[in-house]
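Remarks on the overall topology
Below, each chain spelled out in residue letters.
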Amino acid sequence: MSDKNNPKSEAEEKVQALLSNANAARLVAQTIEGTIGPKGLDIMMVGSLGDVVISNDGVTVLKLMAVNHPAARMIINAARAQQAEVGDGTTTATILAGALVVEGANQVIKGVPVTQVIQGIKLGIQRSVELLEKQTRIIDSVEDPILLNVAAIAGRDQKDLAALIIEGAKIVGREKLLDPEYKLADAISARESAANQVFMGTIINRSPLNNDMPHDFSGVKILVVDDALAPEDIDSESKKTEAGFLHYLENRKHYEINLRRICAMGVNMVLVDRSIDDIGEQIFAEANVLAVHRVSRRELDRVCKHTGAHKIKRSGLNRSEDQLSGYFGYANRVLVNEKLGSISILGGQGVAQATILVGAATEEVADEKERIARDAAAAVQAAIQKGVVPGGGTIELWVSQQLDSLAGELKGMVSYGVSVVKESLQRPFACIAANAGFNPLEKIREVIAEQNRTGMDSITLDYEEGRLIDAMAQGIVDPALVKIHALRTAGEVATAILRIDSIIKMKNKEFDTQDSIE
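**Quick word on the overall build of the protein**
Each helix and strand in the protein was counted, giving 19 helices and 14 strands. For the protein, the C-alpha atoms occupy an extent of roughly 85 × 65 × 45 Å along the three principal directions. Looking at the protein as a whole, 51% of its 518 residues qualify as buried. Put simply, 75% of the contacts in the protein that link residues at least 6 apart link residues at least 24 apart. Approximately 24900 Å² of the protein is accessible, and the part contributed by carbon and sulfur atoms is 49%. In the protein, 57 positive and 70 negative side-chain charges are present, and the distance between their average locations comes to 3 Å.

**A few points about the nonpolar core**
In terms of nonpolar packing, the biggest core is built from 48 residues, with Leu100 and Ile121 touching the most fellow members. The biggest single contributor to this core is helix 19 (residues 480-498), with eight residues. Once residues within four sequence positions are removed from consideration, Ile121 is found in contact with Leu100, Gly417, Val418, Val420, Val421, Thr495 and Leu498.

**Considerations on the pairing of strand 4 (residues 197-204)**
Within strand 4, six of the eight residues are buried, leaving the element largely enclosed by the surrounding structure. Two elements, strand 4 and strand 10 (residues 354-360), share four bridges in a ladder whose sense is antiparallel. Each residue of the ladder has a partner; that of Phe199, found in strand 10, is Thr355. With four bridges joining them, strand 4 and strand 9 (residues 342-348) adopt antiparallel strand pairing. In the strand pairing of strand 9, Thr202 is matched with Ile345.

**Re the pairing of strand 6 (residues 269-272)**
Going residue by residue along strand 6, you find Met269 and Leu271 tucked away on one face and Val270 and Val272 tucked away on the opposite face as well. Of the strand pairs in this sheet, strand 5 (residues 216-225) and strand 6 are connected by four bridges, and their pairing is parallel. Note that in strand 6 the partner of Ile222 across the bridge is Met269. Pairing of strand 6 with strand 7 (residues 290-292), which is carried by three bridges, proceeds in the parallel orientation. Considered in strand 7, the bridge of Met269 is made with Leu290.

**Points about the state of the cysteines**
Tallied over the full model, the rule gives zero disulfides. Looking at Cys263, it has no disulfide partner, and the nearest cysteine sulfur is the one in Cys304, 19 Å off.

**What about a nonpolar patch on the surface?**
Among the surface-exposed residues, Met44, Val46, Val52 and Ile54 lie close enough to one another that they form a single nonpolar patch of about 370 Å² accessible area. When contributions to the nonpolar patch are tallied by element, the ones reaching two or more residues are strand 1 (43-46) and strand 2 (52-55). Within the secondary structure, Val46 is located in strand 1.

**What about the sheet that holds strand 5?**
Strand order in this open sheet of eight strands is 3-10-4-9-8-5-6-7, and the pairing throughout is mixed. Lying at the two open borders of the sheet, with one neighbouring strand each, are strand 3 (188-192) and strand 7. With direction set aside, neighbouring strand axes in the sheet form an average angle of 45 degrees. In this fold helix 7 (residues 159-172) packs onto strand 3, strand 4 and strand 10, with an angle of close to 165 degrees to the strand it touches most, strand 10. Lying over the sheet, helix 12 (residues 297-307) contacts strand 4, strand 5, strand 6, strand 8 (329-337), strand 9 and strand 10, oriented at roughly 120 degrees with respect to strand 4.

**Section: the pattern of salt bridges**
If you walk through the whole model with that rule in mind, you get 29 salt bridges. Taking the shortest distance from any N to any O, the salt bridge between Asp216 and Arg333 comes out at 2.8 Å. In this pair, Asp216 is assigned in strand 5 and Arg333 in strand 8, connecting sequence segments 117 residues apart. By sharing partners, the salt bridges in this structure join Asp226, Asp227, Asp273, Arg274, Arg297 and Lys313 into a single network.

**Comments concerning helix 19**
Taking 1.5 Å as the rise per residue, helix 19 with 19 residues should run 27 Å; its terminal C-alpha atoms sit 27 Å apart, in good agreement. Among the 19 residues that make up helix 19, 14 are buried, leaving the element largely enclosed by the rest of the structure.

**With respect to unusual backbone geometry**
Its identity as a non-glycine residue notwithstanding, Asn288 has a phi of 60 degrees, on the positive side. If you check the backbone angles, Arg294 has positive phi at about 55 degrees while not being a glycine. Along the chain, Arg294 falls in the loop between strand 7 and helix 12. Judged by relative accessible area, which is 47%, Arg294 ranks as partly exposed.

**Things to note about the packing of aromatic side chains**
Within the structure shown, the criterion is met by one aromatic pair. Ring geometry for Phe429 against Tyr463: centres 6.2 Å apart, planes inclined by 50 degrees, an arrangement best described as tilted. On the criterion of sequence distance, the pair formed by Phe429 in helix 17 (residues 427-435) and Tyr463 in the loop between strand 12 (459-461) and strand 13 (468-470) is long-range, its members being 34 residues apart. With relative accessibility at 8%, the residue Tyr463 sits in the buried group.

How each quantity is defined
Residues numbered from 1 in each chain as written. Predicted model: local features only at pLDDT ≥ 70, side-chain atom pairs only at ≥ 80, totals over all residues. Heavy atoms only, no water. Helix = DSSP H or I, 4+ residues; strand = E, 2+ residues; numbered from the N terminus. Buried < 20%, exposed > 50% of the residue type's maximum accessible area, 1.4 Å probe, protein only. Contact = heavy atoms within 4.5 Å. Areas by Shrake-Rupley, 256 points an atom, 1.4 Å probe, with all protein chains shown as cover. Lys, Arg positive; Asp, Glu negative; His and termini not counted. Charge placed at Lys NZ, Arg CZ, Asp CG, Glu CD. Core = buried A, V, L, I, M, F, W, Y, C linked by side-chain atoms within 4.5 Å. Pairing = 2+ DSSP bridges. Disulfide = S-S within 2.5 Å. Patch = residues over 30% accessible without salt bridge, like charges linked within 9 Å, V, L, I, M, F, W, Y side chains within 5 Å. Salt bridge = Lys/Arg side-chain N within 4 Å of Asp/Glu carboxyl O. Axes fitted to C-alpha atoms, helices over the stretch in contact; angles between N-to-C directions. Expected span 1.5 Å × (residues − 1). Phe/Tyr/Trp six-rings, centres within 6.5 Å; stacked < 30°, edge-to-face > 60°.

So far we have only geometry, and geometry alone does not tell us how the molecule works.
Written as structure tokens, this is what we have:
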């Protein structure tokens, strides 16, 4: 423990804690800086058992990193929050957070009080968000061609995937995409050996319970059972008694009657989240009903939304036919794909729902393609919700220069915190330029000078030829929501890390308030 009577020792410990956190933040950011931009490369992650994942998706890399430092974990958790909330921009959020912590620590080491740095960072983030919102270009229609560019940029320039995403967005419609509860990214499903396609419907990644069941039929009436399908059971001891055995037989009889009654009502598809016993399988097969068991809850929820079905428990099958009919869902067609081991439910009569099926050569490629497609889908939805800003790192450079006026308005050392935000905003562009093989400092100066000369916030770098271009005119745009949320997320985690005064190791057991503190 530190000597509390020695101010110099205590100050040194505080500096060491700050430097430790700053180094951890810098290392996390540096790990994924090489992935950002059109020339970004992939990272190979190798597990202890030899399993390999290759990706340039920020949140994927961060999730799989072996990290022990608490500050590093805080930044990774912030990236996860960015992914959960917006679905894209995790790399930008991580780079910004790392830069804010490092630049903030530098100011503290120079003698600026940490409280002043934090206050300045908060003010700088607030002004930056206001500027980003002011410079946003609104997207009025799903038909806007700029959305294809948004999808292609977020989708690592895979134009075939971008076209699939836009087709799916058009099927769903703008009104649905504006719904914060709906996630277009959830419509993505990547499968090995599948063909790229988009359709109105949903997919179940299961096979029929029995191969003799129908594989392609129309006029679908669906029952979704949120339970197991088997007779009400009784314990083994009760079965040994005559009364108990008769009760078991009665339960089985009622179970069979209920299943045959469902079939007689025209139900031709039954989805169950647990198992279906042999009796159920036989009855459904004889009635030419497609039965599927052990369907994931997520897939059942999607089926219910798309077809208008309502989940029912096994005990609910005892209800009258009028009551049961209220639980049924309806769709135009069901198609079983034996090769993929999946079932497509098309044209549901519930909520319009698109499925974007992405094909790949291998399972590993399918996983990466799904991540890429989900990023692209999230970016498209974010662009429709809140509009777009110039991409290629240019809007951050423009905003950084506007912070000079804010710093000039402030008194005292708070302005140093604003300068932290200014320097950090230039980091994404610097990384993109470096990945493209250019000197980042040189190109930053060139872009800023041209932005100032023209008064345009969209001047950026052509990362192929190195010349200056108008990002908006070239269709290089990013969703404003992604940028704004990444900046806010980075600011929150950075200030939280900078506020850490010391690092103390906790006991392994739960803290006992009666324990003495030595």
